[in-house]
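# A look at the structure
Given next are the chains, with one letter for each unit.
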Amino acid sequence: MNTTFLKACKGEKTDYTPIWIMRQAGRYLPEYHTIRSKCTFLELCKNPEQAAAVTLQPIDILGVDAAILFSDILVPLEKMGAALEFQEKRGPIFLNPIRDKNAVDKLGIPDPEDDLGYVMDTIRILTKELKDRVPLIGFSGAPFTLSTYLIEGGSSKNYINTKRMIYEAPDLYKALMDKITDCTIEYLKGQVAAGVQALQIFDSWAGVLAPCDFEVAGIPYVRRIISALKEVTDIPIIYFANNGATLLDQSLTSNADVLGLDWRVNLQEVIKKVDGKVSLQGNMDPLALFLPDNKLEQRVTNVLEQAKGARGHIFNLGHGIVPETDPAKAKLAVQLVHEISKKMR
Ligand code: CP3
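Okay, so let's go over this structure.

Conventions we followed
- Residues numbered from 1 in each chain as written.
- Predicted model: local features only at pLDDT ≥ 70, side-chain atom pairs only at ≥ 80, totals over all residues.
- Heavy atoms only, no water.
- Helix = DSSP H or I, 4+ residues; strand = E, 2+ residues; numbered from the N terminus.
- Contact = heavy atoms within 4.5 Å.
- Pairing = 2+ DSSP bridges.
- Axes fitted to C-alpha atoms, helices over the stretch in contact; angles between N-to-C directions.
- Near = heavy atom within 4 Å.
- Polar contact = N/O pair within 3.5 Å; in protein donor to acceptor, adjacent residues only side chain to side chain.
- Areas by Shrake-Rupley, 256 points an atom, 1.4 Å probe, with all protein chains shown as cover.
- Parallel < 35°, antiparallel > 145°, perpendicular 65-115°, else oblique.
- Left-handed = near helix turned anticlockwise from the far one by under 90°.
- Nonpolar A, V, L, I, M, F, W, Y, C, P; charged D, E, K, R; others polar.
- Expected span 1.5 Å × (residues − 1).

## Focus: the side chain of Thr 145
Examined against the element boundaries, Thr 145 turns out to sit in helix 9 (residues 143–152). With residues up to four places along the chain from it excluded, the contact list for Thr 145 reads Ile 73, Phe 202, Asp 203, Ser 204, Trp 205 and Ala 206.

## Focus: the sheet that holds strand 1 (residues 67–68)
Strand order across the open sheet formed by seven strands is 1-4-5-6-7-8-9, with parallel pairing between neighbours. Strand pairing shows two members of the sheet lacking a second neighbour, strand 1 and strand 9 (313–317), which therefore form its edges. Pairing analysis gives five bridges linking strand 8 (residues 279–284) to strand 9, with the strands arranged parallel. Bridge assignment links Asn 283 to a residue of strand 9, and that residue is Asn 316. Its contacts with the sheet put helix 11 (residues 170–194) on strand 4 (136–141) and strand 5 (198–203), and the angle it makes with strand 4 is roughly 170°. Sheet strands touched by helix 16 (residues 293–306): strand 8 and strand 9. Its angle to strand 8, the strand with the most contacts, is close to 155°.

## Examining the pairing of strand 3 (residues 91–94)
Pairing analysis gives four bridges linking strand 2 (residues 84–87) to strand 3, with the strands arranged antiparallel. Bridging from a neighbouring strand, Leu 84 pairs with Phe 94 of strand 3. Following strand 2, the chain reverses through three residues before pairing antiparallel with strand 3; Lys 89 in that reversal takes a positive phi of roughly 80°.

## Observations concerning the site of the ligand
The environment of the ligand is made up of 21 residues, and the closest members are Arg 27, Tyr 32, Asp 72, Ser 204 and His 319. In the model, an oxygen atom of the ligand is placed 3.2 Å from a nitrogen or oxygen of the Gln 24 main chain. Measuring from an oxygen atom of the ligand, one finds a side-chain N or O atom of Ser 204 at 2.5 Å. For the ligand, whose unbound accessible area comes to 870 Å², protein coverage reaches 89%.

## Some words on the packing of helix 15 (residues 267–274) against helix 16
Two measures define how a pair of helices packs: the angle their axes make with one another and the distance between the axes. Relative to each other, helix 15 and helix 16 sit at 15°, their axes nearing to 8 Å. Put simply, helix 15 runs roughly parallel to helix 16. By crossing handedness, the relation of helix 15 to helix 16 is classed as right-handed. Contacts between helix 15 and helix 16 involve Leu 267, Gln 268 and Ile 271 from the first element and Val 303, Glu 305 and Gln 306 from the second. Residue classes in the contact of helix 15 with helix 16 are distributed as three nonpolar, two polar and one charged.

## What about helix 8 (residues 117–129)?
Its 13 residues give helix 8 an end-to-end C-alpha distance of 18 Å, which sits within 8% of 18 Å, the value for a rise of 1.5 Å per residue. Here the buried face of helix 8 lies against helix 3 (41–45), helix 4 (48–62), helix 5 (75–80), helix 7 (112–115), strand 4 and helix 11.

## Some remarks on the packing of helix 9 against helix 10 (residues 160–168)
Where helix 9 meets helix 10, the axes come as close as 8 Å, and the angle between the chain directions of the two elements is 110°. One finds that helix 9 runs roughly perpendicular with respect to helix 10. Along its contact with helix 9, which presents Phe 144, Ser 147, Thr 148, Ile 151 and Glu 152, the element helix 10 presents Ile 160, Asn 161, Thr 162, Met 165 and Ile 166. Looking at side-chain class alone, the contact of helix 9 with helix 10 contains five nonpolar, four polar and one charged residues.

In structure tokens, the structure reads:
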């Protein structure tokens, strides 16, 4: 097995910088469309053979150093009792937004095997298929990000319903967050038992919170998840707070092994701040994959230069790869990261 990714997460020496790409299995790949055209997105998530096949596509096509389970952060929420649809063009929709005590009380805590067995089965298929190849990353959303979907009923512009609940009904918000957190702990423990070798917690919308609100409504729940996981496993845990430059000090208290960084930050400045406590993952602008090849090479070199001095560095984009990306560019980026980082050693 290629363990370069796992070593970099733990801050051990590697021969080159490992790379994987957020949203690496998905709509920019024609091979994904071939499978996806025969079913809905949720049906695909719930079909272990097909979900495993889609997970493996970027390993074969791009040559990345880790696989990430094909699923979605919203899948466990459906099993808490929140009816979920993915609508073409509109994205995810929760049909009955959670806005009062009655709705929070009704939410349950799903059992990973009984309720989310299709995810666990996908992981079991993948750990077999990937045995001699690359590690498998499991994942969840962070409680704040998950709460925004439940409360808003889908994606949002200014998160008004979520922030109003945080400000006007803090006890209700806490009750909701405690349930989401308990669900996430059980779900991630299930993924570990099924065989994932690393975990990433996606806090995609953390960056909309002021630091004082993140302190109350965001980071304590992430900390609780990571400390519960650390009691049962020592696999690396990555915490990615998107648009989180202003939340870095607080993100460090999450006790994650790796912090994921978006492209808005300068890695050298982050390295000064984190002082060897964690490894770093990131942080090329996903749109840099639209640069001409020679400029892309420069950009990859810049990121690798900036990452010098980090305890460990895992190359990634600063957020998900966009559907319009040419897969050949993503493949070139993977090759460039491998070649250039080898020469820098
Ligand atoms: O390759 C991988 O990264 C694994 C699979 C994965 C998906 N979603 C598949 C997906 C992962 C890790 C996610 C995480 C996810 N889902 C996040 C956090 C990461 C991030 O980008 O910030 C969030 C916020 C979601 C919620 C979500 N899922 C939205 C808002 C949407 C619609 C918008 C969009 O990007 O399509 C989805 C749908 C989704 N999740 C697709 C895929 C491949 C597209 C579904 C399709 O085929 O139509």
